[in-house]
Amino acid sequence: MAREILAVNSQPDYSTSMLDDRFSLLRERLFPFKVLDDHGIPLPQEQWPVIRILNGEMLKGSNAVDIRSYVLDGREIELSITGSPVFGKGGDIVGAVTIMRDVTERRGLERRTHEALKALLAMAEVLVLVPDNAAEVHLQSLLKEKKTVAESTVARRLAELTRDILNCQRVGITTIESETTVLRAMAIVGLSPEQEVQWWAEQQQHESRLSDSRTPELISRLRANEVLQLDMTQPPFSDQPNPYGIQTLLIAPMCIGDQLVGILSLDNGSIRHEYTQEEMALAGAVAKLAGLVIERERLLHEREESRANEIALRAANRRMDEFLGIACHELKTPLAAIKGNVQLAERRLQRLISDRKTQIDRLLPDLLENANRQTDRLDRLVSDLLDVSRIQIGKLEMRSELCDLETVVQETIQEQRMINPTRSILVEMLAEEAVPIEADADRIGQVVANYLTNALKYSSVDKPVTVSLEMEGPVARVSVQDEGPGLPPAEQERIWERFHRVRGVEVQAGSGIGLGLGLYISKTIITWHGGRVGVASTPGQGSTFWFTLPLAQQQFSS
Ligand code: ADP
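Since we're looking at a predicted model, the values are computed, not measured.

So, how was this worked out
Residues numbered from 1 in each chain as written. Predicted model: local features only at pLDDT ≥ 70, side-chain atom pairs only at ≥ 80, totals over all residues. Heavy atoms only, no water. Helix = DSSP H or I, 4+ residues; strand = E, 2+ residues; numbered from the N terminus. Buried < 20%, exposed > 50% of the residue type's maximum accessible area, 1.4 Å probe, protein only. Contact = heavy atoms within 4.5 Å. Areas by Shrake-Rupley, 256 points an atom, 1.4 Å probe, with all protein chains shown as cover. Near = heavy atom within 4 Å. Polar contact = N/O pair within 3.5 Å; in protein donor to acceptor, adjacent residues only side chain to side chain. Pairing = 2+ DSSP bridges. Axes fitted to C-alpha atoms, helices over the stretch in contact; angles between N-to-C directions. Core = buried A, V, L, I, M, F, W, Y, C linked by side-chain atoms within 4.5 Å. Salt bridge = Lys/Arg side-chain N within 4 Å of Asp/Glu carboxyl O. Patch = residues over 30% accessible without salt bridge, like charges linked within 9 Å, V, L, I, M, F, W, Y side chains within 5 Å. Phe/Tyr/Trp six-rings, centres within 6.5 Å; stacked < 30°, edge-to-face > 60°. Lys NZ or Arg CZ within 6 Å of the ring centre and 35° of its normal. pLDDT = per-residue confidence, 0-100. Parallel < 35°, antiparallel > 145°, perpendicular 65-115°, else oblique. Left-handed = near helix turned anticlockwise from the far one by under 90°. Nonpolar A, V, L, I, M, F, W, Y, C, P; charged D, E, K, R; others polar.

Undergrad: What should I look at first to understand the overall build of the protein in this one?
TA: Counting secondary structure elements, the protein contains 13 helices and 16 strands. The proportion of buried residues among the 558 residues of the protein is 41%. If you take every contact in the protein between residues at least 6 apart in sequence, the share linking residues at least 24 apart comes to 65%. Accessible surface computed for the protein: about 31800 Å², of which carbon and sulfur atoms make up 52%.

Undergrad: Explain the site of the ligand here, please?
TA: Taken together, 21 residues are adjacent to the ligand, and Asn454, Tyr458, Asp482, Arg501 and Leu519 come closest. A distance of 3.1 Å separates an oxygen atom of the ligand from a polar atom in the side chain of Lys457. Asp482 places a polar side-chain atom, nitrogen or oxygen, 2.8 Å from a nitrogen atom of the ligand. Against a free-state accessible area of 530 Å², the protein chains account for coverage of 98% of the ligand. Of all elements in the fold, only helix 11 (441-458), helix 13 (518-528) and strand 16 (543-550) reach the threshold of two or more residues within the shell around the ligand.

Undergrad: Even after reading the chapter, I still don't get helix 13, so can you show me in this structure?
TA: Side chains three or four residues apart in an α-helix point the same way, a direct result of the helix having 3.6 residues per turn. The complete set of buried residues in helix 13 reads Gly518, Leu519, Tyr520, Ile521, Ser522, Ile525 and Ile526. Residue Gly530 follows helix 13 closely and has a positive phi angle near 80°.

Undergrad: Teacher, can you tell me more about the sheet that holds strand 3 (residues 76-87) here?
TA: Neighbouring strands of a sheet are bound in pairs by backbone hydrogen bonds; such pairs are parallel or else antiparallel. Taken in spatial order, the four strands of this open sheet run 1-2-3-4, and their pairing is antiparallel. In the strand order of this sheet, the two ends are held by strand 1 (34-37) and strand 4 (93-102), each with one partner. In this sheet, neighbouring strand axes are inclined to one another by 45° on average, regardless of whether the strands run parallel or antiparallel. Looking at chain direction, strand 2 (residues 65-70) and strand 3 are connected through six bridges and run antiparallel. Of the residues in strand 3, the one forming a bridge with Arg68 is Glu78.

Undergrad: Is there a simple way to explain the nonpolar core in this structure?
TA: Core analysis: the largest hydrophobic core is formed by 47 residues, its most contacted members being Leu405, Ile444, Tyr451, Ile495, Trp496, Phe545 and Phe547. Every residue in contact with Ile495, bar those within four places of it in the chain, is listed here: Leu487, His500, Val502, Leu519, Val535 and Phe545. In this structure, Leu6, Leu30, Val50 and Ile51 belong to the second largest nonpolar core, which totals 22 residues.

Undergrad: What exactly am I supposed to notice about the sheet that holds strand 8 (residues 248-256) here?
TA: Taking strand neighbours across the sheet as the criterion, the five strands line up as 6-5-9-8-7 in an open arrangement whose pairing is antiparallel. The sheet is open, and its two edges are formed by strand 6 (183-189) and strand 7 (228-231), each paired on a single side. Within this sheet the neighbouring strands show an average axis-to-axis angle of 20°, counted without direction. Where strand 5 (residues 170-176) meets strand 9 (residues 259-267), six bridges bridge the pair, whose relative direction is antiparallel. Along strand 9, the bridge assignment pairs Gly172 with Ser265. Contacting strand 7, strand 8 and strand 9, helix 7 (residues 216-223) runs over the sheet at an angle of about 50° to strand 8.

Undergrad: Explain the pairing of strand 7 here, please?
TA: Within a regular beta strand, the side chains point alternately toward one face of the sheet and then the other, so they alternate between its two faces. Side chains Leu228 and Leu230 of strand 7 all project onto a buried face; the interleaved residues Gln229 and Asp231 project onto a face where none is buried. Here four bridges tie strand 7 to strand 8, and the two strands are oriented antiparallel to one another. When the sheet's bridge partners are listed, Gln229 is paired in strand 8 with Leu250.

Undergrad: For this particular structure, what's the right way to read the pattern of salt bridges?
TA: Note that side chains of opposite charge can pair when their charged atoms are close. Under the criterion given, the structure shown has 14 salt bridges. Among the salt bridges present, the one from Glu226 reaches Arg221, with a minimum N-O distance of 2.9 Å. Because the salt bridges share partners, they merge into one network encompassing Arg399, Glu401, Asp440 and Asp442.

Undergrad: What am I meant to see in a nonpolar patch on the surface here?
TA: On the surface, a cluster of nonpolar side chains totalling about 280 Å² of accessible area is made up of Val86, Val94, Val97 and Ile99. When residues of the nonpolar patch are assigned to their parent elements, the largest contribution, three residues, is made by strand 4. Mapped onto the fold, Ile99 is located in strand 4. We classify Ile99 as partly exposed; its relative accessible area is 41%.

Undergrad: Would you explain the packing of aromatic side chains in this entry?
TA: Geometrically, a pair of aromatic rings is defined through the distance of the ring centres and the angle of the planes. Counted according to the given criterion, the structure contains five aromatic pairs. Centroid distance Tyr451 to Trp496: 6.5 Å. Interplanar angle 65°. Geometry classified as edge-to-face. Within this pair, whereas Tyr451 is found in helix 11, its partner Trp496 is found in the loop between helix 12 (489-494) and helix 13, the two being separated by 45 residues in sequence. Here the aromatic cluster, defined as three or more aromatic residues joined through ring pairs, consists of Tyr451, Trp496, Phe545 and Phe547. In this structure, Arg477 is placed above the aromatic ring of Trp546, and the distance from its NZ or CZ to the ring centre is 4.4 Å.

Undergrad: It is not clear to me how the environment of Thr233 should be interpreted in this structure. Could you clarify?
TA: Mapped onto the elements, Thr233 comes out in the loop between strand 7 and strand 8. Relative accessible area serves as the criterion here: at 36%, Thr233 is assigned to the partly exposed category. Look past the residues within four positions of Thr233 in its chain and what remains in contact with it is Ser238, Gln247 and Arg272. Here the side chain of Thr233 touches Asp231 through a polar contact of 2.5 Å, side chain to side chain.

Undergrad: It is not clear to me how the confidence of the model for the protein should be interpreted in this structure. Could you clarify?
TA: Averaged over the protein, the pLDDT score is 79; the fraction of residues at 70 or greater is 72%. Contacts from residues 121-151, a stretch scored under 50 in pLDDT, to residues over four places away or in other chains number 34 contacts.

Undergrad: How should the packing of helix 10 (residues 405-419) against helix 11 be read in this particular structure?
TA: The relative placement of two packed helices is expressed as an angle between their axes plus a distance between the axes. Closest axis-to-axis distance for the helix 10/helix 11 pair is 9 Å, and the angle between their directions is 45°. Considering their axes alone, helix 10 and helix 11 lie oblique with respect to each other. In this structure, the crossing between helix 10 and helix 11 has a hand that is right-handed. Contacts from Leu405, Val408, Val409, Thr412, Ile413 and Gln416 in helix 10 reach Ala441, Ile444, Gly445, Val448, Ala449, Leu452, Thr453 and Leu456 in helix 11. Among the residues forming the contact of helix 10 with helix 11, the class breakdown is 10 nonpolar, four polar and no charged.

Next up, the structure:
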């Protein structure tokens, strides 16, 4: 067996040498092998299991050593090694018995299962982190932030430029909303930081509209693209609040075509300044430019926003489609492979046991059984994730055909009894004859199975679970009752949400990893069929999960 495992037979001259010296012989025999620890790091020779045994160590039980090795035909294999020194009559070590178990396949299986689980959890995380349209919303809010920031930065830069060009003390830019004529301050330069804070606060406090102005004839002149020079010490302005003691205010319209989109205002504070025609023309030109820049900026953002929305929308959809694809590929495929491997290994094992009556590592069948269960569980989780994705993009397909609800329930119970042979699953069929429903039998079975596995999973192994089916006028009702932890009223609502799991409700039986998807999917399926779901529960006294389905009008032809 050792020759087979180490592929010694592939090297015909491997064991021909006839060296006298035991240690030279040993070295020569061991030399061709490369020995690595189970992380793939080369092991120094003194740590090779056979050397350790020769040095008197007994390797057994939890001391078994896992190594990787390149064997003589070049393959890398994984070995679990135990062994014992062989003592001579005088008590000296004369040899070593080394038992190697080739665990390559089993370890590979474990690793793949682990990797599949990791990938699955990563995906679950992606799903949890990006609920429904969060990507879109986030993008939008980002854009919005950018929009106000960008606009005010642009406006501020323009105001600064204006101040430099016109050599004035203060410049403000205000835009006018086209429909409402609400004035919105975009920038102010030339105030002290404290004043600026106060100025912005005032702007936010009262909203003013151009149409409310007390000097409509001035507005008309602005609309006519005229730059205005206002003497603030004269009526009608002299009785208006003038916190900065402005003497002369210059207002230039920001027009695009014949539309007034904003105003540029500038002043020199208490310094009396008579603006020349040139200055006024310059202010007019700057305002026009500012209007164009701001408008262009606004349009750019608007376009960006709508484009981004569309992109976000498409991206969200694409992500979901991609997820479906990836999930299928990344998870279903290795799962199928794992499943195949396990089944193959099981069959081989059976053959080995019956053909050769060999003593097989007693753990092996258990391990395989375990791997089998793990893959089934993973498979279910993956299916749940895929179902959720399908629900989200509206692609959960369901058929509708006449079937018997009682058969569906009975079959599901049988399956669960096979999987959980030690559990007591009681049945109360209160329907006297077949219970016809128009439904997707597989999907309804999925719901019953989910209720049932939850009941078994969350109650202790010695507690029974009762499934009942009864007729209530035009509907049939299926209930699954357990003696588990029960649920407080607030949780009874929330458990139907995607990814919701109740804190403190522990898995009692089996090692099921729950993602909190089963009930969400169940509800979706039952609602699609025109039924209702619910739970009746008292904390500490168990739960009864139920669903109803409308009975089919049509009866079975006998
Ligand atoms: P999971 O895969 O986590 O079981 P489900 O959607 O089926 O997902 O259930 C959501 C949560 O509801 C569970 O995590 C558990 O906290 C709670 N729950 C479900 N069934 C029961 C039950 N029979 N008894 C107590 N709690 C339950």
